[in-house]
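# Summary of structural features
Residue strings, one per chain:
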Amino acid sequence: MATPSGARDSVDFAAADAPLVLSGATVVLPTGTVKDGRVIVDGPRIAGSAPENARLIDVSGHTLVPGFVDIHNHGGGGASFTSGTAEDVLHGIHTHRLHGTTTLVASTVTEDMDLLAQRAGLLSELAEQGDIAGIHFEGPFISPCRKGAHQEELLRDPDPAEVRKLLDAARGKAKMVTLATELPGGIDSVRLLAEHGVIAAIGHTDATYEQTVEAIDAGATVATHLFNAMPALGHRTPGPIAALLEDERITVELINDGTHLHPAALQLAFHHAGADRVAFITDAMDAAGFGDGFYSLGPMAVEVKDGVARLVEGGSIAGSTLTLDRAFRRAVTVDRLSVEDAVAALSANPARLLGMYDSIGSLEPGKYADLLLLDRQFALKGVMRRGEWVVDPQLA
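What this report covers is the structure whose coordinates are included nearby. (Residues numbered from 1 in each chain as written. Predicted model: local features only at pLDDT ≥ 70, side-chain atom pairs only at ≥ 80, totals over all residues. Heavy atoms only, no water.)

### Focus on unusual backbone geometry
This is how the line gets drawn: Counting from the N terminus, the helices are the DSSP runs of H or I reaching at least four residues and the strands are the DSSP runs of E reaching at least two. Categorising residues by exposure relies on relative accessible area from a 1.4 Å probe, with only protein chains included: less than 20% of the type maximum marks a residue as buried, more than 50% marks it as exposed, and the intermediate range marks it as partly exposed.
A cis geometry characterises the amide bond from G139 onward to P140, with omega recorded as 15°. Residue placement: P140 occurs in the loop between β10 (134-138) and α3 (160-169). Positive phi values are uncommon outside glycine, yet H225 reaches one of about 25°. Following the sequence through the fold, H225 ends up in the loop between β13 (222-223) and α6 (239-246). Judged by its relative accessible area of 4%, H225 falls in the buried class.

What follows is the structure, given as structure tokens:
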């Protein structure tokens, strides 16, 4: 029996001993948005039809969207993916799940190669357990001219043998490596990554337009936080931004926190790349979901003030304190993107990029029941992952 409107508090959302029918919501599907729709959850997956024992729950007045997928994230909740213990990493993952990220790739920062290999070993175990979707190595193969919050003394050229060392340490769980592909060995490393099914991402780069085109032709498919840590777009020297925006093979990462990008830059990216080639990321560090204070990002000291993370020495922006529920809400309320385009950037596009769209990224039968319940103001009210509530709508 459907729950009467206004009587939602009496429903035991958390009970998992029977399939659920979430009914009456606006449901965002790959084919369009459905008013007064429903999503059927049977065990860990979305079902195409409701079993006889299904419990019907009225979620009228809400919107159901797929769980968010973050392909670039360094930590959260006071915990670091770059230096913390396994327990720390799990705490950071849980923090982001509370904010709607049901699938996450853990990112490292530049460190000594032996330390990075050790970190890859720990993170690969968590990937094997299904806690993370894989590992993203951001550095050390980046340009000292565009190092951002990376320690210059530890940077190195992308020698394919060194890149291979990290891939081996990750035991098949490396998903992405960010490279300054103009450096010696860069193009050969892109080819190596492509051969091993690992995403080659162009970022922290001082490449020219022509060098960027060469890297794309060699197999690069992602722009690491487009606009940030790369030359600005010029009318005589267009640099990497023009090449990355114009090529249909490239997915562009955007940090939609209001600090990393002017709204006009975000609109420019959507206009030229199209909604199917944008992936919103957090680039989050420890302070995401935690608060202001002093932190470490790898070997670098960071101060977070008013929610903005900067290196103590030099003042460079050092990742973000963003969570993807904030990125989504900003996209639809400030940037005036359609809900469908925001869902593509936060769920479908990154899922496709990771090769996981057959199981996540949309609310379709057979896929995992990773879904979010939003109110009329697009505030997050419920988070379900694999058919279980991470954030119970009753308690939100």
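### Quick word on the sheet that holds strand β16 (residues 293-297)
Basically, it comes down to this: Between any two strands, pairing holds if DSSP finds at least two bridges. Every angle, taken between N-to-C directions, lies between 0 and 180 degrees, and every axis is a line fitted to C-alpha atoms, over only the stretch in contact when it is a helix.
Pairing is antiparallel across the open sheet formed by three strands, whose spatial order is β16-β17-β18. Of all strands in the sheet, those with a lone pairing partner are β16 and β18 (308-311), marking the two edges. Between one strand axis and the next, the sheet turns by 35° as a mean value, whatever way the strands run. Inspection of the sheet shows β16 paired to strand β17 (residues 300-305) by five bridges, in the antiparallel sense. Across the sheet, residue L297 finds its bridge partner in β17, namely M300.

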